[in-house]
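Architecture and fold: a report
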Amino acid sequence: MIDQPDGAQLLAEARRVLLETLLPELPEKQRFNALMVANAMAIARRELEASGAQAPESDSRGMVAEIRERRRDGDPGLHQSLLKEVENRVLLSNPSRLDDN
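The rules behind each value
Residues numbered from 1 in each chain as written. Predicted model: local features only at pLDDT ≥ 70, side-chain atom pairs only at ≥ 80, totals over all residues. Heavy atoms only, no water. Helix = DSSP H or I, 4+ residues; strand = E, 2+ residues; numbered from the N terminus. Expected span 1.5 Å × (residues − 1). Polar contact = N/O pair within 3.5 Å; in protein donor to acceptor, adjacent residues only side chain to side chain. Buried < 20%, exposed > 50% of the residue type's maximum accessible area, 1.4 Å probe, protein only. Contact = heavy atoms within 4.5 Å. Core = buried A, V, L, I, M, F, W, Y, C linked by side-chain atoms within 4.5 Å. Axes fitted to C-alpha atoms, helices over the stretch in contact; angles between N-to-C directions. Parallel < 35°, antiparallel > 145°, perpendicular 65-115°, else oblique. Left-handed = near helix turned anticlockwise from the far one by under 90°. Nonpolar A, V, L, I, M, F, W, Y, C, P; charged D, E, K, R; others polar.

1. A closer look at helix α1 (residues 7-22)
Side chains that are three or four residues apart share a direction in an α-helix, a result of its 3.6 residues per turn. Its 16 residues give α1 an end-to-end C-alpha distance of 21 Å, which sits within 8% of 22 Å, the value for a rise of 1.5 Å per residue. N-cap assignment for α1: the residue whose side-chain oxygen lies 3.2 Å from the backbone N of Ala 8 is Asp 6.

2. Focus: the environment of Met 63
Among the secondary structure elements, Met 63 is positioned in helix α3 (residues 57-68). For Met 63, a relative accessible area of 24% translates into the label partly exposed. Sequence-wise, Met 63 and Leu 78 are 15 residues apart; in three dimensions their C-alpha atoms are separated by 8.8 Å. Beyond its immediate stretch of four places on either side in the chain, Met 63 contacts Arg 72, Leu 78, Ser 81 and Leu 82.

3. Some details on the nonpolar core
Leu 18, Leu 23, Ala 34, Ala 38 and Met 41 form the largest nonpolar core, which has 5 residues in total. The element that contributes the greatest number of residues to this core is helix α2 (residues 28-50), accounting for 3 residues. The contacts of Ala 38, once residues within four sequence positions are left out, are Arg 15, Leu 18 and Leu 19.

4. Focus: the packing of α2 against helix α4 (residues 76-93)
The contact between α2 and α4 brings their axes to 7 Å, and the two run at 135 degrees. The pairing of α2 with α4 is recorded here as oblique in orientation. Packed against α2, whose contacting residues are Ile 43, Arg 46, Glu 47 and Ala 50, the element α4 presents Leu 91, Leu 92 and Ser 93 at the interface.

5. Regarding the packing of α1 against α2
Geometry of a packed helix pair, given as the angle between the helix axes and the separation of the axes. At a closest axis distance of 9 Å, the pairing of α1 and α2 adopts a crossing angle of 160 degrees. When the axis of α1 is compared with that of α2, the two are roughly antiparallel. Handedness of the α1/α2 crossing: left-handed. Each of Gly 7, Ala 8, Leu 11, Ala 12, Ala 14, Arg 15, Leu 18 and Leu 19 in α1 lies in contact with α2, whose residues at this interface are Ala 34, Leu 35, Val 37, Ala 38, Asn 39, Met 41, Ala 42, Ala 44, Arg 45, Leu 48 and Glu 49. Split into classes, the residues belonging to the contact of α1 with α2 amount to 14 nonpolar, 2 polar and 3 charged.

6. Topic: unusual backbone geometry
We note that Arg 70 has phi near 60 degrees; this positive angle belongs to a residue other than glycine. Checked against the element boundaries, Arg 70 lands in the loop between α3 and α4. Judged by relative accessible area, Arg 70 falls into the exposed class, the value being 60%.

Printed below as a string of structure tokens:
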């Protein structure tokens, strides 16, 4: 059996080729667009890799309802959970921002 790369690996390799091979050959006015595409590819890759770690949507809706009804005020577990959710979102969208802190 041949070991096939998964979607995240394919995106990583395509991004590498874009940045290392194609970008240097592009006219200056097209480089921004290529960098924007490379950034989108990196975000999509991170989302694919993290997709198994996401909480089910129904759990999130229940938590939102509890917060709106003020049933979770002062809950340190909720605070930690929300901080972790924000961290996970930043890891997907712009992980270098977490390196600064």
